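So the chains spell out like this:
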Amino acid sequence: MAAWGYGLLGPAEVRIDGRAVPLPSARQRLVLTMLLVDFNRVVPVGRLIDELWETALPADPRGALRTQVSRLRRALGPAAGDLATVEGGYCLTVQRGQLDATRFEDTLAEAARASGEQALKLVDEALALWRGPAVGEFADRSFALATAARLNERRVVATERRAELLLTAGLAGEAVVTLQVLLAEHPEREQARGLFMQALYRAGRHTEALSSFRSWRRYLAEELGLDPSPALQRIEQDILRHTASAPDTRGEVVNRTPTLPVPVTSFVGRDEDLAAVTGLLGQARLVTLHGPGGVGKTRLALEVAARTGGSYPDGVCFCDLAAMSEPHAVVRALATAAGLSERAFRRLDDQLVEHLAGRHLLLVLDNCEHVAQAAAILAERLLKQTRNVTLLATSRERLEVDGEHVWQVRPLPVSGLGAPAVRLFLDRARAAAPAAASASERASRWTAAR
C-alpha cells in the first residue's frame, strides 16, 4: 500500500513512497499550498479563485477552479482521497505525521523535553526536514505570510538551539561553522552572535571572538546609532576575563510567555459575565470588555484569563497599557510583555508579529483607551497575520476593529445586603480594616432586619 506525505518546509510538495510528485502547473501548486497552509480546514471557493486569477477572472471561475482541483487530484494519485469537496470550498485532510511542518514542530517539542546527545539528535532530525524557505514560491502571498514567518523563525531558533547543544557537548568547532552560516543569512540575530563569540572562545580563537564583537559594535554605532545588547557586552567581558562558559541549554526552543499578575481583590458577582466572556473567546479572536473606569473590567479579564489560560499551549500574555501615552510605546510594551528580544535592522512591530505568529496564546491588552488607535492598529494586524493568537482587551472605548466582539461590563447591583456591590465593598473593607468592616456589616444586618 502506498504511503504519502506533504511538505511546506520548502516548495509545497506531495511525496508518494518517498518520491516527490511533479506538479508542473503553477496553479495546481498554488491550490496545494493554500490547502496545506489551512490543512484540515475548509478553504473557501472565493478565496481560491481570488488567489488563482486575481482580477483576470476566467469566464466561469468556479468551473475553472473545479478543473484545477480535478487535475490536482489526478496528480495526487493515492493521496487524492484526502482532498474533499465540502460545502463552500475544499478541505485537505492531513495527519500530523504526514506534514513536514508539523513533524518539525513536534520533533522540536520532543527535543525541548530531552537533553544532551538525545536533544541534539532530535534537533538535527527536525532541521533535516527543510528543503528551502517555508512555503517556497508563494511565501509572499497574504494567505501564507503568517505561516511562512512562523516556520522560518522557528528554523532559525532551532539552529541557535543546535549551536547551544554543540557547545555544551564540547563541539565548539562545529558550533562555529553552524553559526557562521546562520549569521551570514541573519546578521541581526544577537542571540546567534553571542553564541558565535562563545564558540570562537571555546575553540581557542579568543582574538576572533573579541574582533567579532567589536566589528558588530562599530557597525551598530555608525549605521544605527545603537549599542550592543547588555547580554553581548557581558559575553565580551567574560571573554576578556577568561570566564566565558557554555550556555545553559535547559530552556525550551521557544520561551513561554510571562504569567498573569496576581489579583489583589476578590472576584464577586461576575459569574454571568465570566461565563459569557469565556464563551465569546471560544467563538471570536478579539473580545473587548467595554465599560466606564473602575467598573471592574481588569478584574474580570484576569479571572477569565486565569480560568481559560490552560487551554492555550503557550499560556497567557498580559500587557498593561495604562501608563502608555504615546502610540509608538504600545508595540514596545507588548514586545516586553511577550519576552521578545529586539534585534537590529528590522521594525519592532514586524519582529513582534513574527514572534507571536508561532504562538498559541491568549493576549490580554489592559486599559487600551489611553492609546486606543494604536492598540486597534496592532490588534488588527495580529488578527490578520497570526493564526492562534486570541486577544482579550479592556477599554473605555471600542477598538472598532473588524471581528471585534464587545462585552459591556456594567456596574454591580447595589440593592440589598447580599447585593454583589455590597459584598465586594465588605470584602475590601475587611481587607483594609477588619474590625470596622465587621461593625459595619452588623449594623447593616440590623437595619435590614428592621
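As the structure is a computational prediction, the values presented were derived from the model and not from experiment. The residue numbers shown here count from 1 along each chain, following its written sequence. Per-residue local features are limited, in this predicted model, to residues with pLDDT of at least 70; the limit for side-chain atom pairs, both in listing and counting, is 80 or more; totals at the level of whole chains, interfaces and linings are taken over all residues. Processing note: side-chain calculations cover all non-hydrogen atoms of the structure and skip hydrogens and water entirely.

Put simply, DSSP marks the helices as runs of H or I at least four residues long and the strands as runs of E at least two long, and each gets a number from the N terminus on. Looking only at helices and strands, the protein features 17 helices and eleven strands. Relative to all contacts within the protein whose residues are 6 or more apart in sequence, the contacts with residues 24 or more apart total 68%. On the protein, roughly 22200 Å² of surface is accessible, and the fraction owed to carbon and sulfur atoms is 51%. In what follows, residue pairs with any heavy atoms lying within 4.5 Å of each other are defined as contacts. Accessible areas in this description were obtained via Shrake-Rupley with a 1.4 Å probe; residue shielding takes into account the shown protein chains only.

A word on the nonpolar core. We call a set of buried Ala, Val, Leu, Ile, Met, Phe, Trp, Tyr and Cys residues a nonpolar core when their side-chain atoms join them within 4.5 Å. With a 1.4 Å probe rolled over the protein chains alone, any residue whose accessible area is under 20% of its type maximum counts as buried; one over 50% counts as exposed, and the rest are partly exposed. With 81 residues, the main nonpolar core has L36, L65 and F104 as its most contacted residues. Beyond its immediate sequence surroundings of up to four residues, F104 is in contact with L9, A126, L127, L129, W130, L151, R154, R155 and A158. Counting residues in hydrophobic clusters, the runner-up holds 35 residues, among them A329, L352, L378 and A393.

To continue, consider empty space enclosed by the protein. Using a 1 Å grid laid over the protein atoms alone, points where a 1.4 Å probe fits but cannot get out form a cavity; open sets with protein on both sides within 12 Å along at least 5 of 7 lines form a pocket; any residue with an atom within 4 Å of a point counts as lining. Grid points are joined across faces, edges and corners, and a volume is the space filled by probe spheres set on the points. Enumeration over the complete set of coordinates arrives at one cavity of 30 Å³ or more. Looking at the largest cavity, its volume works out to about 50 Å³. Lining the largest cavity, in full, are A146, T147, R150, A357, T386, R387 and N388. Sorting elements by how many residues they give to the lining of the largest cavity places helix α6 (residues 145-168) first, with three residues. Any residue that is not Ala, Val, Leu, Ile, Met, Phe, Trp, Tyr, Cys, Pro, Asp, Glu, Lys or Arg is counted as polar, Gly included; the first ten are nonpolar and the last four charged. Residues that form the lining of the largest cavity fall into these classes: two nonpolar, three polar and two charged.

Turning next to the confidence of the model for the protein. Overall, the prediction assigns the protein a mean pLDDT of 84, with 85% of residues at 70 or greater. With pLDDT under 50 throughout, residues 248-258 is counted as low confidence; its partners more than four residues away or in other chains account for 29 contacts. Values of pLDDT, ranging from 0 to 100, describe the predictor's confidence in every residue of the model. Throughout residues 445-450 the model reports pLDDT below 50, and contacts reaching past four residues in sequence, or to other chains, amount to one contact.

Turning next to the sheet that holds strand β4 (residues 43-44). Sheet architecture is open: three strands sit in the order β4-β6-β5, paired in antiparallel fashion. Two strands close off the open sheet at either side, each with one partner strand: β4 and β5 (83-86). The pairing criterion for strands is at least two bridges between them, as found by DSSP. Where β4 and strand β6 (residues 89-92) come together, two bridges link them in antiparallel fashion. Bridge assignment links P44 to a residue of β6, and that residue is G89. Only the stretch in contact is used when fitting a helix axis, every axis being a line fitted to C-alpha atoms; angles between N-to-C directions are given from 0 to 180 degrees. Helix α3 (residues 61-76) rests against β5 and β6 of the sheet, and its axis sits at about 155 degrees to β5.

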